[in-house]
Amino acid sequence: MKRFGKKVLATVVATTMALGLAACGGASGSGDSGNSGSGDTAATADSGSSGGTIKVGIINNDPNESGYRTANDKDLKAMFCAENGYDASFSYSLKNDEQITAAQKFIQDGVDYLLLSAADTSGWDSVLKDAQDAGIQVILFDRTIDADESLYAASIVSDMDKEGETAANWLKDQNLSEYNIIHLQGVMGSAAQQGRSGALDTLAKENNWKIVTQQTAEWNAEKAQQIVQSVIDSGESFNVIYAENDDMAKGAVEALDKANISHGVGKDVVVMGFDCNKWALEELKAGNWNYDGQCNPFQASYIDDVIKKLEKGETLSEKTIIMEEKGFDASTITQEDVDNYGI
C-alpha cells in the first residue's frame, strides 16, 4: 500500500460517510460536464488532500454520451465528494489515447486510487504498470479491459457478453418468419459494443439471419437515425432494429416514424435497446418497443466498499464483481419494473 496510517483513517472515513451522505446526494446534480474528447480534468471536489482525505482520479466516458452515462457520472460524483472523505478529480473522453494521457497525469499528481471506465479494452498495460510502480491502486468500473488481473485491484462491471446473449436469445425466441436486421453498434472496441455485437453475430451466423447493415452510431441518436434513414431510402427490407443502447434505438424509431413504418408489439419492426432508461422502459410498456436490456450504472457504492476494505488492509474476497442484470419484454414489463429499474 502506498498510503500509511490508513487503518485509522478508514474508520474516520466510514463515520464521515454516515454523517455526510445526505449532503453528498445533494451535490449529485453536478453531472452536467460536457467535455467529450477533452481528456482534461473536469471537476475536483473542494477538499484538500493534506487533510487526510483519499485522493482519487476518475476516468470516465463523456457523461453526455447517453442516459446511462449521465446516471453513472452522477452516481460517482454523489459518492466521491469531500463530505465522504474523498478528494476526487474527474476526466472524460471517448478516446482511449486521451484517457491514457489523463491516467498518466493522475499518476503524476499522486492520486491514491485510479478509477477507470476504459473507452477501449486494449492498450492499458503500460499505464497500469506505471500506476502499480507508483503504489496507486487501480479499480475498473463499468467496463473490462484486456490486461493481467495483477495490474488492478478490483473490477466492478456488467457482464456485457451475458447482456448480448440475453438479448440475442430473446430475439431468437420470437420465431420471426424471417430476420432482416439493422444492427446499430456502439463505440467500436468498447466492452459494451463487443459483448452486445458478439452475441448477435454468433446467432446470426448460426441461424442464417440477414444483417442488412451493421454500422457504429457511437451511442448517438442522430447518427442512428441517419443510418436507418439511409436503409429506408435504399428500399431494402428489414424487420428488426438491434440498437446497442437506448439513444440509438430512439434515433432509429424517429427514422421509422418519419417514414410511417410501424414498430413495436405486433407491428412491422421489432425494436431492441439497452440500458433501461426510464423513458425507454415507458416506450416498452406502451408497446412501441419490444425489448430493453438492463445495464446497471450504479457502481459507486461497490467501489467505495472496495476502497474501504483496501484502506483497512483487508483481502478482497473476489477481484471481479459482476452486477445482476436482466432483460425486459414489452409483453411482460410492469409499471413496477419501470419505477424500480428505469434510470
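In case you missed it, the structure is sitting above this.
Cut-off values and rules
- Residues numbered from 1 in each chain as written.
- Predicted model: local features only at pLDDT ≥ 70, side-chain atom pairs only at ≥ 80, totals over all residues.
- Heavy atoms only, no water.
- Helix = DSSP H or I, 4+ residues; strand = E, 2+ residues; numbered from the N terminus.
- Buried < 20%, exposed > 50% of the residue type's maximum accessible area, 1.4 Å probe, protein only.
- Contact = heavy atoms within 4.5 Å.
- Areas by Shrake-Rupley, 256 points an atom, 1.4 Å probe, with all protein chains shown as cover.
- Salt bridge = Lys/Arg side-chain N within 4 Å of Asp/Glu carboxyl O.
- Axes fitted to C-alpha atoms, helices over the stretch in contact; angles between N-to-C directions.
- Parallel < 35°, antiparallel > 145°, perpendicular 65-115°, else oblique.
- Nonpolar A, V, L, I, M, F, W, Y, C, P; charged D, E, K, R; others polar.
- Pairing = 2+ DSSP bridges.
- Right-handed = clockwise from strand over helix to strand, strands pointing away.

Student: So what about the overall build of the protein chain? Which residues, and what values?
Tutor: Within the protein chain, the regular secondary structure consists of 11 helices and 13 strands. Evaluated residue by residue, the protein chain yields a buried proportion of 54% over its 343 residues. Of the contacts formed within the protein chain by residues at least 6 apart in sequence, a portion of 76% connects residues at least 24 apart. Looking at the protein chain as shown, the accessible area adds up to about 14200 Å², and 45% of this sits on carbon and sulfur atoms.

Student: Go over the pattern of salt bridges, please, and point to the residues and values.
Tutor: In this structure the tally under the stated criterion is 12 salt bridges. With a shortest N-O distance of 3.5 Å, Arg143 and Asp142 are connected by a salt bridge. Here Asp339 and Lys278 are joined by a salt bridge, their closest N and O atoms 3.9 Å apart. Placement of the pair is Asp339 in helix H11 (residues 335–341) and Lys278 in helix H9 (residues 278–285), with a sequence separation of 61 residues. Among the residues examined, Asp339 registers a relative accessible area of 45% and is labelled partly exposed. Taken together, the shared-partner salt bridges connect Glu65, Arg69, Asp142 and Arg143 into one network.

Student: Help me get a handle on the packing of helix H3 (residues 96–109) against helix H4 (residues 125–133), residues and values and all.
Tutor: Remark: H3 packs on H4, axes separated minimally by 10 Å, with the N-to-C direction vectors making an angle of 10°. Viewed along their axes, H3 and H4 adopt a mutual orientation that is roughly parallel. In this structure, H3 contributes Ile100, Ala103, Gln104 and Ile107 to the contact, and H4 contributes Val127, Asp130 and Ala131. For the contact of H3 with H4, the residue count by class is 5 nonpolar, 1 polar and 1 charged.

Student: Before we move on, could you go through the sheet that holds strand E10 (residues 270–275) and cite the residues and values that matter?
Tutor: Spatially, the 6 strands line up as an open sheet ordered E8-E7-E9-E10-E11-E13, and their pairing is mixed. Taken across any chain shown, the strands that pair with only one partner, and hence form the sheet edges, are strand E8 (210–216) and strand E13 (327–329). Pairs of neighbouring strands in the sheet enclose a mean axial angle of 15°, with direction left out of account.

Student: Tell me about the pairing of strand E3 (residues 86–92), and please be specific about residues and values.
Tutor: Counting buried residues in E3 gives 7 out of 7 residues, a clear majority hidden from the surface. Of the two faces of E3, the one lined by Tyr86, Ala88, Phe90 and Tyr92 and the one lined by Asp87, Ser89 and Ser91 are each fully buried. In this structure, strand E2 (residues 54–60) lies alongside E3, joined through 7 bridges in parallel fashion. Bridging across to E3, Ile58 finds its partner in Phe90. Handedness of the β-α-β unit built from E2, helix H2 (residues 67–79) and E3 comes out right-handed.

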